[in-house]
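Remarks on the overall topology
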Amino acid sequence: RHTSATPTKHTNKTATMKFSALTLLAYSAGFLFTTVTAGDCEVCIKVIEDVRASMEKSDRNKKDKIETALGAYCDTEKNKLGPRERKICYYIDPIKRDVSQPFSTGMPADRVCKRINKSNPEICSVKFPVKTANLEPKDFSKMRVKQLKSILADRGVECKNCLEKSEFVKRVEETMHLDVGEEF
């Protein structure tokens, strides 16, 4: 015969398994939706918004017109694009159809970029350089190490053996004269 303790153990075990499964599912969903953060995709968003602005409103829902507009925007002989915009064009060119589908539905530029980022994760890794021209040395100490590393990378400088934030700040200050403009 079954005692009253057996169903309770079984019920508790089932409830614990369901809770564990739901927790894992929620964590996974949160991870998937947070892979692209607010500062990501900034160049892609600019390119999509520029293409959208260059089109007639009536053509914004026609995939072939969108693909043509993307091609016209990315034509480097006609348009003077910055290096980052050219890089996005390089990534977008082979997947124009994938870009035109969400674009044609009127999806906002940031969501278009997040969607195409799934097929090519490098799209959202293209970022504009950190503006350092008007910054004072005390401002560098307020930056994150990731930003300091980005500034050094844009300048083409390595900071070997830099471990502490203060070392990165010092190296950024030492290389102020190498500050790059829009073009490399």
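These remarks concern the structure in this document.

Conventions used here
Residues numbered from 1 in each chain as written. Predicted model: local features only at pLDDT ≥ 70, side-chain atom pairs only at ≥ 80, totals over all residues. Heavy atoms only, no water. Salt bridge = Lys/Arg side-chain N within 4 Å of Asp/Glu carboxyl O. Helix = DSSP H or I, 4+ residues; strand = E, 2+ residues; numbered from the N terminus. Buried < 20%, exposed > 50% of the residue type's maximum accessible area, 1.4 Å probe, protein only. Core = buried A, V, L, I, M, F, W, Y, C linked by side-chain atoms within 4.5 Å. Contact = heavy atoms within 4.5 Å.

Moving on, we get to the pattern of salt bridges. Applying the stated criterion across every chain, the model contains seven salt bridges. For Glu-67, the salt bridge is made with Arg-97, and the minimal N-O distance between the two is 3.0 Å. Of this pair, Glu-67 sits in helix α3 (residues 63-74) while Arg-97 sits in helix α5 (residues 96-104), and the two are 30 residues apart along the sequence. Looking at Glu-67, the relative accessible area reads 18%, which means it is buried. Across the pair Asp-154 and Arg-84 runs a salt bridge, and its minimum N-O distance is 3.7 Å. Pair noted here: Asp-154 is in helix α8 (residues 145-155) and Arg-84 is in helix α4 (residues 83-92), with a separation of 70 residues, a long-range link.

In this structure, Asn-161 is a non-glycine residue whose phi angle is positive, near 65 degrees. Along the chain, Asn-161 falls in the loop between α8 and α9 (165-174). Residue Asn-161 is classed as exposed on the basis of its relative accessible area, which comes to 73%.

The next point concerns the nonpolar core. Counting 29 residues, the largest nonpolar core has Cys-44, Ile-48, Val-51, Ile-88 and Val-99 as its most contacted members. It is helix α2 (residues 42-54) that provides the largest number of residues to this core, a total of six residues. When near neighbours in sequence (up to four residues on either side) are disregarded, Val-99 contacts Ile-48, Leu-70, Ile-92, Val-112 and Ile-116. By size, the runner-up hydrophobic cluster in this structure holds eleven residues, among which are Leu-148, Cys-159, Cys-162 and Val-169.

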